[in-house]
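Summary of structural features
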Amino acid sequence: MEQKMDTKLIGINEKLNKLRENMYAIASEKKKLLQTEDELHLLFRKSDRLFQDLNYS
């Protein structure tokens, strides 16, 4: 009986470790996406300023 519970606990621990790894991977990907979003906003602002400069030239 005790061995069966130990086996279940080991299985649960392995699932938790896999879940933790997935959460770290998701957090890392989210960080990359947010950085890309910031870079895109910066590029759009620069582009908008260039178009405004062209219109006022």
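This section reports on the structure supplied with the text. (Residues numbered from 1 in each chain as written. Predicted model: local features only at pLDDT ≥ 70, side-chain atom pairs only at ≥ 80, totals over all residues. Heavy atoms only, no water.)

**Observations regarding the overall build of the protein**
To be explicit about the condition: In this description a helix means any DSSP run of H or I spanning at least four residues, a strand means any run of E spanning at least two, and both kinds are numbered starting from the N terminus. A radius of gyration in this sense is built from C-alpha atoms; the matching globule rule multiplies 2.2 Å by the number of residues raised to 0.38. Here the open area of atoms and residues is found with the Shrake-Rupley method and a 1.4 Å probe, where only the protein chains shown may cover a residue. Just so you know, the count uses Lys and Arg for positive and Asp and Glu for negative, and it drops His and the chain ends. Charged groups are reduced to one reference atom each: NZ for lysine, CZ for arginine, CG for aspartic acid, CD for glutamic acid.
Each helix and strand counted, the protein has 1 helix and 0 strands in total. Its C-alpha atoms give the protein a radius of gyration of 25 Å, clearly above 10 Å, the size a compact globule of 57 residues would have. For the protein, the spread of C-alpha atoms along the three principal axes comes to 85 × 10 × 5 Å. Element-wise, carbon and sulfur atoms account for 61% of the exposed surface of the protein, whose accessible area totals about 6,000 Å². Across the protein, the mean location of the 11 positive side-chain charges is 3 Å away from that of the 10 negative side-chain charges.

**Quick word on a nonpolar patch on the surface**
This is how it is decided: Like-charged residues are merged into a patch within 9 Å and nonpolar side chains (Val, Leu, Ile, Met, Phe, Trp, Tyr) within 5 Å, provided each residue has over 30% relative accessible area and no salt bridge. Put simply, a salt bridge is a Lys or Arg side-chain nitrogen that is within 4 Å of an Asp or Glu carboxyl oxygen. Accessibility here uses a 1.4 Å probe with only protein chains present; expressed as a share of the type maximum, an area under 20% marks a residue as buried, one over 50% as exposed, and anything in between as partly exposed.
Side chains of Met5, Leu9, Ile12, Leu16, Leu19 and Met23 sit close together on the surface and give an oily, nonpolar patch of about 610 Å² of accessible area. Topologically, Leu19 is positioned in helix 1 (residues 2–56). Residue class for Leu19 comes out partly exposed when judged on its relative accessible area of 46%.

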